[in-house]
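Here is how the chains run, residue by residue.
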Amino acid sequence: MSPKRKLTIALVIPVFNEAGVIAQMHTRIRANIDSLPYAFTFIYVDDGSSDSTADELTALAKSDHRVTVLALSRNFGHQAALTAGLDASRGDVVVSLDADGQHPPEMIGQMLDLIAQGYDIVQAQRADDAQLGSFKKWTSGLFYRLLNIISGTRVLPGAADFRALSRRAVDALKSMPEYHRFLRGMVSWIGFKTAILPYHQQARVGGASKYSLGKMFRLAMDAIFSFSLAPLYIGLSMGGVLLFLALAEMVYVLSFWVTGRTSNLAPGWSSLMFVILIVSGMLMVLLGFIGVYVGYIFQEVKRRPVYIVKQG
Ligand code: UDP
Ligand code: MG
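As the structure is a computational prediction, the values presented were derived from the model and not from experiment.

Rules of the game
Residues numbered from 1 in each chain as written. Chains lettered and ligands numbered in written order. Predicted model: local features only at pLDDT ≥ 70, side-chain atom pairs only at ≥ 80, totals over all residues. Heavy atoms only, no water. Helix = DSSP H or I, 4+ residues; strand = E, 2+ residues; numbered from the N terminus. Buried < 20%, exposed > 50% of the residue type's maximum accessible area, 1.4 Å probe, protein only. Contact = heavy atoms within 4.5 Å. Lys, Arg positive; Asp, Glu negative; His and termini not counted. Charge placed at Lys NZ, Arg CZ, Asp CG, Glu CD. Core = buried A, V, L, I, M, F, W, Y, C linked by side-chain atoms within 4.5 Å. pLDDT = per-residue confidence, 0-100. Near = heavy atom within 4 Å. Polar contact = N/O pair within 3.5 Å; in protein donor to acceptor, adjacent residues only side chain to side chain. Nonpolar A, V, L, I, M, F, W, Y, C, P; charged D, E, K, R; others polar. Patch = residues over 30% accessible without salt bridge, like charges linked within 9 Å, V, L, I, M, F, W, Y side chains within 5 Å. Areas by Shrake-Rupley, 256 points an atom, 1.4 Å probe, with all protein chains shown as cover. Salt bridge = Lys/Arg side-chain N within 4 Å of Asp/Glu carboxyl O.

### Description of the overall build of the chain
Piece 1. The helix and strand inventory of the chain stands at 10 helices and seven strands.
Piece 2. Projecting the C-alpha coordinates of the chain onto the three principal axes gives extents of approximately 95 × 45 × 35 Å.
Piece 3. Among the 312 residues that make up the chain, the fraction classed as buried is 45%.
Piece 4. Restricting the contact set of the chain to residue pairs at least 6 apart, pairs at least 24 apart contribute 82%.
Piece 5. Of the side-chain charges in the chain, 30 are positive and 23 negative, and the distance between the mean point of each set is 5 Å.

Here it is as C-alpha cells:
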C-alpha cells in the first residue's frame, strides 16, 4: 500500500433491532474518525430487523452520503451479516464493529495506524475486566479452552468481531465459501501478520444483547464442528480402548490356564466377555473409520482453499 495515497476504509456494522442506538453510534463513530487522514465509507448491514432500524438507517444514509445500507431478507445472524458486509466492501481496509457501542470506535485510529505499518489483521481482544455477566465470562472461557484443545487453529480467547482487515485479508476470507461461519476462527486460519489490541468492553449503549442462548450455542457448534474433526475420532479411540481391554482379558484368562486354576473362573464368563469386548471394539473402530471418511468429505465440501497467497 502506498503511503502517499489516502487509504480508503470501509466500516462494516451489522445491525439487528438496534433502532434505539444507531443514530447515537453513528455520531460517536464520526467524532472519532473525521479527524483521521483516511477516506471512510460506512456499510450498515440490516440483518432482518423487525423494529424501526430500517427507517433509522435510511435517515442516516440521507444525512451522510458515505453511508450504504445493505438489507438482508431476514435475520441470518451476526456472522452472516458480517460476511455480507465484507463481501460488499470496497477499499483498502475493512473495519468491523458492533452497533451497540461495546466496541469502542475510539480505537479505530490506532487499528488503522497498525494496518498502515504493514499489519494485515488488527484483532481486538476483550480485556478480562470487561463488563461481562459471570455466565458469559464462564461460558466464553470454557468455550475457547475446549476449542483450542480440539482444533488445529488457535483462536484468541476473548477475540471480538472487532477488527481491521487489509484488502488481501478480506479477499482471503471471501475465498472461504463455507456455510457455517465462525469468523474469529477463519481470521486466524488465514494467517497473515496479525496485531492484537486489548480493549475494555463497555456496557451496551441501549437495548439488550441480540445473542440469545440458542444463537450462542449455534455459534459454538459452528466453531467446534467446522474447525475440528476431533468429535469424529471418538469412535476410533474408544474402539482402540475396547480392543485393548479384550487383549487384557485374554491375558488374564490365559494366566488362569497357565497356573492351572481354571476352576476358579466362572463358567462362560471368559468367552462371553471376550466376545463382547471384541465385537464392540470392532464396531467402534469401524465407526471411527467411517468418521474419518465423513471428516474428509466434510473438509472437501467446505470448499476451503488449500492455501492463501499473500502476494501475487
Ligand atoms: N447482530 C446481528 N444479527 C443477529 C444478532 C446480532 O446483526 O442475529 C448484531 C447486533 O446488532 C450487534 C452485533 O451483531 O451489532 C453483536 O450482537 P450483540 O451485541 O447482541 O452480541 P453480544 O455483544 O451480546 O455478544
Ligand atoms: Mg454487544
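### Structural notes on the nonpolar core
Piece 1. Residues Leu-11, Ile-29, Tyr-44 and Val-95 are the most contacted members of the largest nonpolar core, which totals 35 residues.
Piece 2. The greatest single-element share of this core, amounting to five residues, is contributed by helix α4 (residues 108-116).
Piece 3. Each residue touching Leu-11, except ones within four places of it in the same chain, is listed here: Ile-29, Ile-33, Phe-40, Thr-41, Phe-42, Ile-43, Val-95 and Ile-108.
Piece 4. Residues Ala-10, Leu-147, Ala-169 and Leu-219 belong to the second largest nonpolar core, which totals 31 residues.

### Section: the environment of Pro-231
Piece 1. Of note, Pro-231 is situated in the loop between α8 (213-227) and α9 (234-258).
Piece 2. For Pro-231, a relative accessible area of 29% corresponds to the partly exposed category.
Piece 3. Sequence separation between Pro-231 and Arg-28 is 203 residues; the distance between their C-alpha atoms is 44 Å.

### Quick look at the confidence of the model for the chain
Piece 1. Residues with a pLDDT of 70 or more make up 96% of the chain, whose mean pLDDT is 89.
Piece 2. Looking over the chain, one finds the lowest element-wise mean pLDDT in helix α5 (residues 134-150), namely 85, and the highest in strand β4 (residues 93-96), namely 97.

### Quick look at the site of ligand 1
Piece 1. As a structural note, the neighbourhood of ligand 1 is formed by 18 residues, with Glu-18, Asp-47, Asp-100, Ser-209 and Lys-210 the closest of them.
Piece 2. Between ligand 1 and Glu-18 there is a distance of 2.7 Å, counted from an oxygen atom to a side-chain nitrogen or oxygen.
Piece 3. Separating an oxygen atom of ligand 1 from a backbone N or O atom of Lys-210 is a distance of 2.4 Å.
Piece 4. Split by residue class, the shell around ligand 1 holds five nonpolar, five polar and eight charged.

### Considerations on a nonpolar patch on the surface
Piece 1. There is a patch of nonpolar side chains on the surface, built from Val-241, Phe-244, Leu-245, Leu-247, Met-250 and Val-251 and spanning about 570 Å² of accessible area.
Piece 2. Looking at the secondary structure, you find Val-241 in helix α9.

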